[in-house]
Amino acid sequence: DRSIVKPVAPTKEPENADQNARGGVSMAENITISRGTKVHAEAKSRWGAPKLGFIARLAMLLVGLSIPQLKVGVIDTGVDTKHPMLSSVVAKSVKASDNGADDNGHGSWVAGMILNFAPWLKGNLTSYRAFIGGGATLDDVLMALTMSANDGNVVISNSWGSDDGDPNSPDTQLVKKLASEGHIMVFAAGNAGSRPNTIGSPAIGQVTRESGAIGIVSVAASDRNLKIAYFSSRGPGSEKTKGIPDYPHRPDMTAIGYNAAGPWPTNIGGADRQGPNGPEKDLSGTSMATPAVAGAIAILLMLFGITKSGKEADEVIKAIMSTLRKSNQGRDAEGEGFLDLDAAYEAAKQVLSPVAPSWLARIVLRTFARG
């Protein structure tokens, strides 16, 4: 059986040296720490605010201004589409009798973090409910992975796995196959730290494509000060890969995953606050860092007009990996470093051309779509 990477209570304080940093990392602050403010400004200059009124939408339609849309999938506990932030998410389930609704909260939080980084993703984020009660059979996850791939998702976010770190497990092997086909698979490294060789599976898997881009991104978690969270699983691999010569190092990178705010279902209670876009809850775990990376990949692909898997999408992954910020906590803990979205955008511009609105569209944006 497989399970979601369950949130971890912040009983130990990575932030205890900073008396002003005990509150949850807001969704806006998460973007700032991940250095995504310039990227969001670039997106707004091209497409207007994420939420526009009727007149602005009509004006954009009249001048032929459209937002490049790729398909993004998230495999989790479902999604609360009644939450104001999640109303555009498509809900699917691997169970024919199930409607994809979220009675756990984990899946809604994860989907919301993807949209926090890529709020211009309109109706192209699909949540696949495989985990009921936090767990799923192996058949459930294999079916969800196959569904998400068959639906054409370029990026697939996965905050689930098994602590055994088996590189030969059936789900790891399927994930490697999907990654070799061009899908960008983003996985939580696991919450089994702080011992070494605790990376879970399928996060333990790795595929390097002909372009040099990795196909499976294993994500560790840090606090707002970029300190690796005590629970974040460490490399260089797992107990089952220790004896395999030259096995690829895991994890790959780090994002905020300690005491971070995200949307919480409207019907299950337990929210920490009523945020500007509905109920929110602060959670900790590599589950929380994973969708930040998936959303960061998605917004960069959109800015370059990339809606399909392939060499151009691989260039974005290479740009992200080449611009990560090292914090000198060791490769086993932080991988190659912490997400730097703005730097990745600038690096990708060296080999890719961003989409740009026409002069008429720019006038419309300045007039109607500031938000």
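Above this text is the structure in question.
Note that this is a predicted model, so its numbers are computed, not measured.

Reading guide: rules and limits
Residues numbered from 1 in each chain as written. Predicted model: local features only at pLDDT ≥ 70, side-chain atom pairs only at ≥ 80, totals over all residues. Heavy atoms only, no water. Pairing = 2+ DSSP bridges. Helix = DSSP H or I, 4+ residues; strand = E, 2+ residues; numbered from the N terminus. Core = buried A, V, L, I, M, F, W, Y, C linked by side-chain atoms within 4.5 Å. Buried < 20%, exposed > 50% of the residue type's maximum accessible area, 1.4 Å probe, protein only. Contact = heavy atoms within 4.5 Å. Axes fitted to C-alpha atoms, helices over the stretch in contact; angles between N-to-C directions. Salt bridge = Lys/Arg side-chain N within 4 Å of Asp/Glu carboxyl O. Parallel < 35°, antiparallel > 145°, perpendicular 65-115°, else oblique. Left-handed = near helix turned anticlockwise from the far one by under 90°. Nonpolar A, V, L, I, M, F, W, Y, C, P; charged D, E, K, R; others polar. Phe/Tyr/Trp six-rings, centres within 6.5 Å; stacked < 30°, edge-to-face > 60°. Lys NZ or Arg CZ within 6 Å of the ring centre and 35° of its normal.

Asker: So what's going on with the sheet that holds strand 7 (residues 160–161)? Residues and values would help.
Answerer: Read from one edge of the open sheet, three strands run 5-1-7, paired in antiparallel fashion. Each edge of the sheet is formed by a strand with only one pairing partner; in this case those strands are strand 5 (135–136) and strand 7. As judged from the two bridges shared by strand 1 (residues 2–4) and strand 5, these two strands associate in the antiparallel manner. Directly across from R2, in strand 5, lies its bridge partner A136.

Asker: An account of the nonpolar core is needed here, citing residue identities and associated values.
Answerer: In terms of nonpolar packing, the biggest core is built from 74 residues, with V155 and L301 touching the most fellow members. Counting residues per element, this core draws most heavily on helix 7 (residues 286–303), at 13 residues. Leaving out residues up to four positions away in the same chain, V155 has contacts with L70, K71, V72, G73, I184, V186, A294, I297 and L301.

Asker: Describe in detail the sheet that holds strand 13 (residues 278–283), supporting the description with residues and values.
Answerer: Pairing in this open sheet of three strands is antiparallel, and the strands run 11-13-12 from one edge to the other. Of all the strands in the sheet, the pair left with one neighbour each is strand 11 (260–263) and strand 12 (273–275). Ignoring strand direction, the axes of neighbouring strands in this sheet form an average angle of 45°. Here strand 12 pairs with strand 13 via three bridges, running antiparallel. Opposite Q274, over in strand 13, you have P279 as the bridge partner. The strands touched by helix 4 (residues 106–117) within the sheet are strand 11 and strand 13, with strand 11 carrying the most contacts at an inclination of about 100°.

Asker: Describe the pattern of salt bridges, listing the residues and the values that go with them.
Answerer: Charged atoms that come close allow side chains of opposite charge to pair. Throughout the structure, instances matching the rule amount to 20 salt bridges. Across the pair R224 and E29 runs a salt bridge, and its minimum N-O distance is 2.8 Å. Of the two residues, R224 sits in the loop between strand 9 (216–222) and strand 10 (253–256) while E29 sits in helix 1 (residues 27–33), which places them 195 residues apart along the sequence. Close ionic contact of R273 with D282 constitutes a salt bridge, the shortest N to O distance being 2.7 Å. Connected via shared salt-bridge partners are R35, R325 and D340.

Asker: Please provide a residue-by-residue account of the packing of helix 2 (residues 37–47) against helix 7, values included.
Answerer: Packing of helix 2 against helix 7 leaves a shortest axis separation of 11 Å and a crossing angle of 40°. In terms of orientation, helix 2 lies oblique with respect to helix 7. Judged by the twist between their axes, the crossing of helix 2 over helix 7 is left-handed. Side by side, helix 2 and helix 7 meet where V39, E42, A43, R46 and W47 of the first sit next to I299, L300, M302 and L303 of the second. For the contact of helix 2 with helix 7, the class distribution of residues is seven nonpolar, no polar and two charged.

Asker: Lay out the packing of aromatic side chains in plain terms, naming residues and giving numbers.
Answerer: Pairs of aromatic rings are described using the distance from one ring centre to the other and the angle between the two planes. Counted under the stated rule, the structure contains six aromatic pairs. Ring geometry for W160 against F187: centres 5.3 Å apart, planes inclined by 70°, an arrangement best described as edge-to-face. Of this pair, W160 sits in strand 7 while F187 sits in strand 8 (residues 184–188); the two residues are 27 residues apart in sequence, bridging distant segments of the chain. Exposure class is identical for W160 and F187. Each is buried. Judged by centre distance (6.4 Å) and plane angle (15°), the rings of F231 and Y258 are stacked. Of this pair, F231 sits in the loop between strand 9 and strand 10 while Y258 is found in the loop between strand 10 and strand 11, placing the two residues 27 residues apart along the sequence. You'll find F231 and Y258 in the same group, each marked buried. Counting every residue linked through ring pairs, the aromatic cluster contains F131, W160 and F187. Against the face of W264 rests K281, its NZ or CZ located 5.6 Å from the ring centre.

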